[in-house]
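Observations on chain architecture
Chain residues, written in single-letter form:
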Amino acid sequence: MKKFITGNHAVSFGAKISRAEVIAAYPITPQTEIVEKLSEMVASGELKAKFAKVESEHSALAACIGASAAGCRSFTATSSQGLALMHEMLHWASGARLPIVMANVNRAMAPPWNVWSDQTDSLAQRDTGWIQFYCESNQEIVDTIIQAYRISEKVNLPAMVVLDAFILSHTSEPVDVPEQKKVDRFLPSYDPKYKLDIDQPHAFGGLVNPEWYYEFRYKIACSMEEARGLINEVGKEFGKQFGRNYGLVEKYRSNDADVILVVSGSLSSTAKEAVDRVRKKGRKAGLVRIRAFRPFPKEEIRKLAKKAGVIGVLDRNISFGNEGIFFSEIKSALYSQKRKPLVYGFVVGLGGRDVRCKDIEKMIDSLYKKQGLKKDINWIGLKK
Amino acid sequence: MKLTIPEKEILNPGHLACQGCGAALAMRYALKALGRKTIIVLPACCWTVIDGPFPYSSAGVPLFHTAFETAASCGAGVNAALEVKGKNEVTVLSWAGDGGTMDIGIQALSGAAERGDNLIYVCYDNEAYMNTGIQRSSSTPHGSWTSTTPVKAFKKGPKKNMIEIMAAHKIPYSVSASISHPEDFIAKLQIAKQLKGVKFMQILSPCPAGWKYPSNLTVKIAKLAIETCIFPLYEVKQGRYKVKKPANKKPVSEYLKLQGRFRHLTGEEIDEIQKNTDQVWKELLKKEKVFG
Ligand SMILES: Cc1ncc(C[n+]2csc(CCOP(=O)(O)OP(=O)(O)O)c2C)c(N)n1
Ligand code: SF4
């Protein structure tokens, strides 16, 4: 059914049609509307779930962990400081191998207070063992939540679906909310083999000495690798059933490109427009959007780099003392390759600073000229 | 002979508690009272170790290990799942130490109490952080040595009064218990099982390693804590107080002198503890009179 909804409500509908059974969340701008909508759905009986109105994000994820361990499909949503407060429990969810799905609305970290878009919150959770998806549109948000449950429940790892503050969270777009019956076929109900069950008493997550801990971590790494293939597979199957294909990356006019931009999130739409404009001027620029950041689409990046001579990476985040995070990751994926393209990093739009089409056109221009570019970070549009 | 304590053992032998551990006894009785239809949510504490290393578990019922401050919130999640699945016959037992309850876990516990999540929350009170090596907690009593309150700067100020804090949440049941009075503890658990909401129980669980006494004295010391009224045995049920009065109240010195953690105290300091204990006891009896 077509609906004209915000990214936040796209999340709520995604959780609803995925038939989340236990929801626990705590309000934070700009995520709040997700929780409000879900409360309404649960209160009206439209969604048969239990909504735990907890007293903090830390408790929200702890409650999802308990519910998931007891065999329920669980959902939560947060943003920025809330995600940071959850950090310990993010490790707990993946370590306990629980397929919880969470939406995170990418928002800058304080101080200074800033509620606008910035990816540092979710990227700081990179190593917690969560699958991470970065969405470009409200449609993709609904679709990704459904797929996230399918993938997570297969590999027993939690998944984070990330959307940009305000740019997506509060902007309405027409969204095709898939029919419940079709979603039920695509996403069967959750019935884990191992759960808290009085008929089969087991202890979960107890003390493991060095003799075994290492193997537990290895298994998480293997499952992440399994997720890599599964994201493409499930994305294709989703395409067959719902008409919209997804994968680890999305390529845009990249096949014959000599200069390639690497982007993520909603910034990709602006960057696609910039690519179109420079193409009109006869430049063979292209774009790759990273949709799954964990597992990282190494092979896809390597394939692209075989053709393109120059890559420009746009990061709406910064790892202080180093550089943009996507930039680092892309370079490290290419290091083992024989032919290494030139890679330049752009840090853009922190804390919701607008990134305009003409800014990106300028970046593409500089990538062609290779003039005035720094090897590590290029800060775009800084005030003096 | 009719036994007053369920004979059946659920806690398995082979657990890893120190010899004479009060916390092990507390769990043994709790499981006897609650039976096999129980799920334990366990945060970081001595019991994390006591239950046994992977792949073993001594609890005999499903047990989920969770983060230090999440006994209540994770328990709330398990309870939510049981509700969704219609498994109303299962009891969720959040089982935490005094540190995990009164310090780092108090926010989650307060939240669960206010929401009325259906949990039995047992705090086994060994009056310090034992798992990390006997550091003070907000439940460490006045006068006590711990590894962070050395003799020269022993713990000053009273234990946090968690039973009153929980009673102030208007939960249906907030009680103290002691491993020296297992029948009382079991009876209270059976009441707790019938009530909806958060039922809070604080059971005094002496710790030979942290309190510095020979391991055969655990029950004796726990009993003296009740008899001296330094750890009063009472309940607040739906706002009504009921206090267990010892047949003959003993001086606190009898309790203190058996434990190395109080060895440094002077006569004057012990007198002060006696005075404070009497005062709190008097207040408690008054509460029972007014709200009994
Ligand atoms: C967030 C966090 N901080 C600190 C710790 C370390 N830690 C583990 S158990 C513990 C003390 C537990 O004390 P208590 O709850 O009183 O239980 P006891 O060990 O006395 O049984 C501490 C500080 C932890 N696991 N997690
Ligand atoms: S340190 Fe104390 S509480 Fe911990 S297991 Fe040993 S006796 Fe029990």
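Residues numbered from 1 in each chain as written. Chains lettered and ligands numbered in written order. Predicted model: local features only at pLDDT ≥ 70, side-chain atom pairs only at ≥ 80, totals over all residues. Heavy atoms only, no water.

Concerning the overall build of chain A
Put simply, the test is: We count a stretch as a helix when DSSP gives it H or I for four or more residues in a row; a strand needs E for two or more, and each element gets its number in order from the N terminus. It is over C-alpha atoms that the radius of gyration is taken, and the globule rule equals 2.2 Å times the number of residues to the power 0.38. Three exposure classes are used, based on accessible area relative to the maximum for each residue type with a 1.4 Å probe and protein chains only: buried under 20%, partly exposed in between, and exposed over 50%. Only heavy atoms matter for contacts: two residues are in contact if any of them lie within 4.5 Å across the pair. Computed by Shrake-Rupley with a 1.4 Å probe, the accessible areas treat only the displayed protein chains as cover when residues are assessed.
Within chain A, the secondary structure is distributed over twelve helices and 16 strands. Taking 2.2 N^0.38 as the reference for a compact globule, 384 residues should give roughly 21 Å; the C-alpha atoms of chain A span a radius of gyration of 21 Å, in line with that estimate. Here chain A holds 384 residues, and the buried ones make up 60% of them. For chain A, restricting intrachain contacts to residue pairs at least 6 apart in sequence, the fraction spanning at least 24 positions comes to 80%. Approximately 16,100 Å² of chain A is accessible, and the part contributed by carbon and sulfur atoms is 53%.

Some thoughts on helix α10 (residues 298-307) of chain A
Residues and elements named next belong to chain A. Note the threshold: This arc corresponds to the set of directions leading from the helix axis out to the C-beta atoms.
Within the sequence span of α10, burial applies to Ile301, Arg302, Leu304 and Ala305. Viewed end-on, α10 has its buried residues packed into an arc of 165°, placing them on one side of the element. Exposed positions of α10 whose direction lies more than 90 degrees from the buried face are Lys303, Lys306 and Lys307. Tucked inside the fold, the buried residues of α10 contact β10 (249-252), β11 (259-263), β12 (285-290), β14 (310-315) and α11 (325-334).

What to know about the site of ligand 2
All names here are of chain B. This is how it is decided: We define proximity as follows: a residue is near a molecule or strand when any one of its heavy atoms falls within 4 Å of that partner. We call Asp, Glu, Lys and Arg charged. Ala, Val, Leu, Ile, Met, Phe, Trp, Tyr, Cys and Pro are nonpolar, and the rest, Gly among them, are polar.
All residues adjacent to ligand 2 are Cys18, Cys21, Cys46, Ile50, Asn126, Met130, Cys207, Pro208 and Ala209. Every element with two or more residues in the shell around ligand 2 is listed here: α2 (46-50) and α8 (208-211). Classifying every residue of the shell around ligand 2 gives eight nonpolar, one polar and no charged.

A closer look at the layout of surface pockets
Residue and element names in this part refer to chain A. The criterion, for reference: Think of a 1 Å grid over just the protein atoms. A cavity is a set of points where a 1.4 Å probe fits yet cannot get out, a pocket is an open set with protein on both sides within 12 Å along at least five of seven lines, and lining residues have an atom within 4 Å of a point. Grid points are joined across faces, edges and corners, and a volume is the space filled by probe spheres set on the points.
Looking at the largest pocket, its volume works out to about 1,500 Å³. Forming the walls of the largest pocket are 42 residues, and the residues nearest its centre are Gly95, Ala96, Arg97, Phe204 and Phe216. Examining the composition of the lining of the largest pocket, we find that six residues originate from one element, helix α8 (residues 210-242), more than from any other. Residue composition of the lining of the largest pocket, by class: 22 nonpolar, eleven polar and nine charged.

Structural notes on the packing of helix α1 (residues 7-17) of chain A against helix α6 (residues 138-155) of chain A
All names here are of chain A. For the record, the criterion: Axes, fitted as lines to C-alpha atoms, cover a helix only where it is in contact. Angles between the N-to-C directions of the axes lie from 0 to 180 degrees. The labels follow the angle: roughly parallel below 35 degrees, roughly antiparallel above 145, roughly perpendicular from 65 to 115, and oblique for the rest. Definitions for this section: a left-handed crossing has its near helix turned counterclockwise from the far helix by less than a right angle. A right-handed crossing has that turn clockwise.
It is at 8 Å that the axes of α1 and α6 come closest, and there the two elements cross at 25°. When the axis of α1 is compared with that of α6, the two are roughly parallel. The interaxial crossing formed by α1 with α6 has right-handed handedness. Along its contact with α1, which presents Gly7, Ala10, Val11, Gly14, Ala15 and Ile17, the element α6 presents Asn138, Ile141, Val142, Ile145 and Ile146. Broken down by class, the residue content of the contact of α1 with α6 amounts to eight nonpolar, three polar and no charged.

Focus on the interface of chain A and chain B
Put simply, the rule is: Buried area: the accessible area, evaluated with a 1.4 Å probe, that two parts lose upon being put together, summed over both parts. Think of a salt bridge as a Lys or Arg side-chain nitrogen and an Asp or Glu carboxyl oxygen that are within 4 Å of each other. Pairs of N or O atoms are called polar contacts if they sit within 3.5 Å, as long as, within protein, a hydrogen donor faces a hydrogen acceptor (for residues adjacent in sequence, only side-chain-to-side-chain pairs).
Across the contact, 37 residues belong to chain A and 34 residues belong to chain B. At the boundary of chain A with chain B, total buried surface from both sides reaches about 2,800 Å², with 69% on carbon and sulfur atoms. The largest per-residue losses of area from chain A upon contact with chain B belong to A:Leu196, A:Ile198 and A:Leu207, which jointly make up 22% of the total buried on that side. Our enumeration of links across chain A and chain B arrives at three salt bridges. Ionic pairing is found between A:Lys50 and B:Glu83, a salt bridge with its closest N-O pair at 3.0 Å. For the pair chain A and chain B, the interface holds twelve residue pairs in polar contact (both at pLDDT 80 or more). Elements with a minimum of two residues in the side of chain A that touches chain B: α3 (57-69), α4 (80-95), β9 (203-204) and α8 of chain A. It is α3(A) that provides the largest number of residues to the side of chain A that touches chain B, a total of eight residues.

Some details on the confidence of the model for chain B
The condition that has to hold: Known as pLDDT, the predictor's confidence for each residue is given on a scale from 0 to 100.
When the pLDDT values of chain B are averaged, the result is 97; 100% of them are 70 or greater. Scored as a complex, the prediction yields pTM 0.97 and ipTM 0.95.

Details of a nonpolar patch on the surface
Applicable threshold: Patch members must show over 30% relative accessible area and no salt bridge, and they are joined within 9 Å when carrying like charges or within 5 Å when they are nonpolar side chains of Val, Leu, Ile, Met, Phe, Trp or Tyr.
A cluster of nonpolar residues, A:Trp212, A:Phe216 and B:Phe54, forms a patch on the protein surface that exposes about 280 Å² of accessible area. By secondary structure assignment, the location of B:Phe54 is in the loop between α2 and β2 (63-65). Taking relative accessible area as the criterion, B:Phe54 reaches 36% and is therefore assigned partly exposed.

A few points about the state of the cysteines
Quick note on the threshold: Criterion for a disulfide: a pair of cysteine sulfur atoms at a distance within 2.5 Å.
Counted under the stated rule, the structure contains zero disulfides over all chains. A:Cys64 supplies the cysteine sulfur nearest to A:Cys135, a cysteine that is in no disulfide, at a spacing of 18 Å.

Structural notes on the pairing of strand β6 (residues 131-134) of chain A
All names here are of chain A. This is how it is decided: A pair of strands is treated as paired once DSSP finds two or more bridges between them. Assignment of crossover handedness uses the view with strands pointing away from the viewer, where a clockwise path from the first strand over the helix to the second indicates a right-handed crossover.
Here β6 shows no split at all, with Ile131 and Phe133 on one side and Gln132 and Tyr134 on the other all buried. In terms of strand pairing, β6 meets strand β7 (residues 159-164) through four bridges, oriented parallel. Across the sheet, residue Tyr134 finds its bridge partner in β7, namely Val162. The parallel pair β6 and β7 is bridged by α6, and the resulting crossover is right-handed. Pairing of β6 with strand β13 (residues 292-294), which is carried by two bridges, proceeds in the antiparallel orientation. Considered in β13, the bridge of Gln132 is made with Arg294.

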